[in-house]
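Examining the three-dimensional arrangement
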Amino acid sequence: MDWKIAGLIGATVAAGLWGAWVTHEVLSAPAMPTMVRVQLSSIIGEYVTAQARSQTPPDRVTAETKAFMGAVQRNLEARGARGQVVLVGEAVLAGDVPDVTMAVRREVYARIPAPGSNTTTKSNVLEAMRRAMAPGAVATGARSVGGAEGEAGHARSR
């Protein structure tokens, strides 16, 4: 008789704990994944340009490019596994989505050397391209050249 009461009390406590856990899970808000964007065209374009200028034999270019593309893919997959939703930067039309292009670039080039990096002369063209393709460079450049603000001011002066 005592075992039946102890079992009944134990089952009641277990059912109460399970009910509390289910209620907590149902009522708690699901965690939103972190959304980030990456400018793949700038990373890949930079690599292809550097590879074209590196004077590397064609068979090595193929192997190095495969390794580079694999490193980019693994980096993006790792970000996805950490809960980030990676958007291609060109597809982001509006909103405040953090840009991780520079972080991806650093992480990939830490694993895969840049084409021609073993040569003693380094071209300033690659650095100039990086600065031009950096996030915000296009918007800043557009304002300094005239952009929409310059055209609006020109239209008012007519």
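Values in this document were obtained by computation on a predicted structure and should not be read as measured data. (Residues numbered from 1 in each chain as written. Predicted model: local features only at pLDDT ≥ 70, side-chain atom pairs only at ≥ 80, totals over all residues. Heavy atoms only, no water.)

Things to note about the overall build of the chain
If you tally the helices and strands in the chain, you get seven helices and two strands. Its helices and strands taken in sequence order, the chain reads α-β-α-α-β-α-α-α-α from the N to the C terminus. When burial is assessed residue by residue, the chain has 22% of its 158 residues classed as buried. In the chain, the share of contacts with a sequence separation of at least 24, taken over all contacts with a separation of at least 6, comes to 84%. Surface exposure of the chain reaches about 11400 Å², of which carbon and sulfur atoms provide 63%. (Helix = DSSP H or I, 4+ residues; strand = E, 2+ residues; numbered from the N terminus. Buried < 20%, exposed > 50% of the residue type's maximum accessible area, 1.4 Å probe, protein only. Contact = heavy atoms within 4.5 Å. Areas by Shrake-Rupley, 256 points an atom, 1.4 Å probe, with all protein chains shown as cover.)

Comments concerning a nonpolar patch on the surface
The grouping of Ile-5, Ile-9, Val-13 and Leu-17 at the surface amounts to a nonpolar patch, some 400 Å² of accessible area in total. With respect to the secondary-structure elements, Ile-9 resides in helix α1 (residues 2-27). (Patch = residues over 30% accessible without salt bridge, like charges linked within 9 Å, V, L, I, M, F, W, Y side chains within 5 Å. Salt bridge = Lys/Arg side-chain N within 4 Å of Asp/Glu carboxyl O.)

So, the pattern of salt bridges
Summed over all chains, the structure comprises three salt bridges. Across the pair Arg-60 and Glu-64 runs a salt bridge whose closest N-O atoms are separated by 2.9 Å. Remark: Glu-64 and Arg-60 occur in helix α3 (residues 58-81); sequence separation between them is four residues, near one turn of the helix. Among the residues examined, Glu-64 registers a relative accessible area of 21% and is labelled partly exposed. One salt bridge in this structure joins Glu-107 and Arg-79, with 3.3 Å as the shortest N-O distance. Here Glu-107 is found in helix α4 (residues 101-111), whereas its partner Arg-79 is found in helix α3, with 28 residues between them in sequence.

Regarding the side chain of Ser-54
Along the chain, Ser-54 falls in the loop between α2 (40-53) and α3. Residue classification places Ser-54 among the buried positions, given a relative accessible area of 14%. Within polar-contact distance, the side chain of Ser-54 engages the backbone oxygen of Gln-51 at 2.8 Å. Within the structure, Ser-54 has its side chain in polar contact with the side chain of Thr-56 (distance 2.6 Å). (Polar contact = N/O pair within 3.5 Å; in protein donor to acceptor, adjacent residues only side chain to side chain.)

Considering the packing of α2 against α3
As a packed pair, α2 and α3 sit with axes 11 Å apart at the nearest point and diverge in direction by 160°. Taken together, α2 and α3 sit at an angle that is classed as roughly antiparallel. For α2 against α3, the interelement crossing comes out right-handed. Contacts between α2 and α3 involve Leu-40, Ile-43, Ile-44, Tyr-47 and Gln-51 from the first element and Val-61, Glu-64, Thr-65, Phe-68, Met-69, Val-72 and Leu-76 from the second. Partitioned by chemical class, the residues of the contact of α2 with α3 number nine nonpolar, two polar and one charged. (Axes fitted to C-alpha atoms, helices over the stretch in contact; angles between N-to-C directions. Parallel < 35°, antiparallel > 145°, perpendicular 65-115°, else oblique. Left-handed = near helix turned anticlockwise from the far one by under 90°. Nonpolar A, V, L, I, M, F, W, Y, C, P; charged D, E, K, R; others polar.)

Describing unusual backbone geometry
A positive phi angle, close to 60°, is found at Gln-55, a residue other than glycine. Tracing the backbone shows Gln-55 in the loop between α2 and α3. With a relative accessible area of 74%, Gln-55 lands in the exposed category.

Let's talk about the nonpolar core
Val-38, Phe-68, Val-72, Leu-76, Val-104 and Val-108 are the most contacted members of the largest nonpolar core, which has 14 residues in total. When contributions to this core are tallied by element, the ones reaching two or more residues are β1 (34-38), α2, α3 and α4. The residues contacting Val-72, other than those within four sequence positions of it, are Leu-40 and Val-108. (Core = buried A, V, L, I, M, F, W, Y, C linked by side-chain atoms within 4.5 Å.)

Some remarks on the side chain of Arg-105
Within the secondary structure, Arg-105 is located in helix α4. At 3.4 Å, the side chain of Arg-105 forms a polar contact with the side chain of Ser-42.

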